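A structural walkthrough
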Amino acid sequence: MNSKIEIAFCFDEKMMYPAYVAIASLLDFKNDEKIHYNISCICSEKVLAYEEELKALVRKRDEESCISFFRAPEQFEHAFEIREVTVSTYLRLLLHRVLPKKDRIIYADVDVLFQDSLKEIWETNLSHELLAGVKGANNFKSTWQVCRSYSYGNELEGLEGNYVNAGILLMNLKAIREWNPDERWIQMSQKNYHYQDQDILNITCNGKIKFLDIRYNVQAHLEKKDFKDYVNESIYEKEQCDSAWEHPAVLHYTGEKPWNNRGVNKGKVWWKYVESQEDLKVFFDKAKVPNRKTTGLMGKINRHLPF
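Rules used in this analysis
- Residues numbered from 1 in each chain as written.
- Predicted model: local features only at pLDDT ≥ 70, side-chain atom pairs only at ≥ 80, totals over all residues.
- Heavy atoms only, no water.
- Helix = DSSP H or I, 4+ residues; strand = E, 2+ residues; numbered from the N terminus.
- Contact = heavy atoms within 4.5 Å.
- Buried < 20%, exposed > 50% of the residue type's maximum accessible area, 1.4 Å probe, protein only.
- Pairing = 2+ DSSP bridges.
- 1 Å grid on protein atoms, 1.4 Å probe; cavity = no way out; pocket = protein on both sides within 12 Å on 5 of 7 lines; lining within 4 Å.
- Points joined across faces, edges and corners; volume = space filled by probe spheres on them.

**Some details on the environment of Asn139**
Inspection of the secondary structure puts Asn139 in the loop between strand E6 (131-135) and helix H6 (141-148). Asn139 sits 65 residues away from Glu74 along the chain, and the two C-alpha atoms are 32 Å apart. What Asn139 contacts, discounting residues up to four positions off in sequence, is Leu159, Glu160, Gly161, Asn162, Tyr163, Glu233 and Ile235.

The following block contains the structure:
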C-alpha cells in the first residue's frame, strides 16, 4: 500500500476558500509526523489560477505531502442541481477515470474541518466492497419517511439504516473501474435525486458498502440528542457515538455553513481554527468581504453551498 494517504477533493471556484480550510486542517491535524498525504484536487479552470497558493499552503505544513490539480471533466455539465449545490458534487463519480493509476482513494467534501488523521480510514480493508462511509442522519426513522416519499423512493428499498453520507468516503477505484458504471451514473445524474450523487452511490453500490466509525463524518448540525437517537435506533453503538461527540475526527458542515453564519452548530470550532492561521486569513482578505466578523468570510460572496 502507498506510504502516503491518497485523498481527493472536488470543487469549483464557489467553494475555493472553504477548500483552503479543509486542506490546511487535513495537514495541521494529522497528529503523526509519519503521516503524509497525496492530495488530488479535481476543480474548475478558475481554481487552477490559485494552484501555486494552494501548493504553498501544503508545503508550509508538510514538505513530504504533495498536492496535484486536475481539470474537472465535463460529463456532468447538464446534471440535476438542487439546493444551490453545483454540478461539481458529481465529480467524485469520475475519480476512477480522472485518477486512472490510483487503486483507492479517500474522497472528502470541502465543507469539512479535519480534527484527526485519516490513517484508520486508509487502512480499512475493501477487498469485497466498492465504498466505505459513515451512516448519515438520513437513517433516522423520522427522516427516512421523507426519503421514501420521494418519486424514486422505491429505489431506496433495503437502504434504511444503511444509507451513507457521501461527504467522506473510502473508494475502491480499481473495483469501480472494473465494474464500469460510468454510463449509468451519467444518466442517473440527470434524474431528480434529492441528494444527487449521494443517492446515486447509495442506490447503485447497495450491498457493497462498508461502514466507517461515525467519528469520521460527524454532521455538525446534529445535537447531542441526535447521537442518542443513533443508539436508540441501532444505527451506531453508544461507545462510538460518545467518542464521536467528544472527539470527532471530521466535522462536516452539512447544514448552514459557518462562513455564512458564525452561529451554526460547531461554527465556533471552524472559526477558531481559521483565525489561528495567518495564511488562511490572508487568503480570505482577498475576498474583500465587508463586516466579516459578523457575516463570515464568504457571507457576501457565495450562496452556492453543498448540502
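**Some remarks on the pairing of E6**
With five of five residues buried, E6 is to be regarded as a mostly interior element. With five bridges joining them, E6 and strand E7 (residues 164-171) adopt antiparallel strand pairing. Of the residues in E7, the one forming a bridge with Lys135 is Val164. Where E6 meets strand E8 (residues 209-211), three bridges bridge the pair, whose relative direction is parallel. Each bridged residue has a counterpart across the sheet, and for Ala132 the counterpart in E8 is Lys210.

**Here's the deal with the sheet that holds strand E9 (residues 218-219)**
What the three strands build is an open sheet, ordered E5-E10-E9; its pairing is mixed. The two strands at the open ends of the sheet, each matched to only one other strand, are strand E5 (112-114) and E9. One ladder, built from three bridges, connects E5 with strand E10 (residues 250-252); its direction is antiparallel. Each bridged residue has a counterpart across the sheet, and for Phe114 the counterpart in E10 is Val250.

**Some remarks on the layout of surface pockets**
It is the rolling of a water-molecule-sized probe over the atoms that shows where space remains empty. The volume enclosed by the second largest pocket comes to roughly 330 Å³. Lining the second largest pocket are 16 residues, with Asp12, Ser44, Ala72, Pro73 and Val87 positioned closest to its centre.

In short, the description is geometric, and any link to function would need to be established separately.
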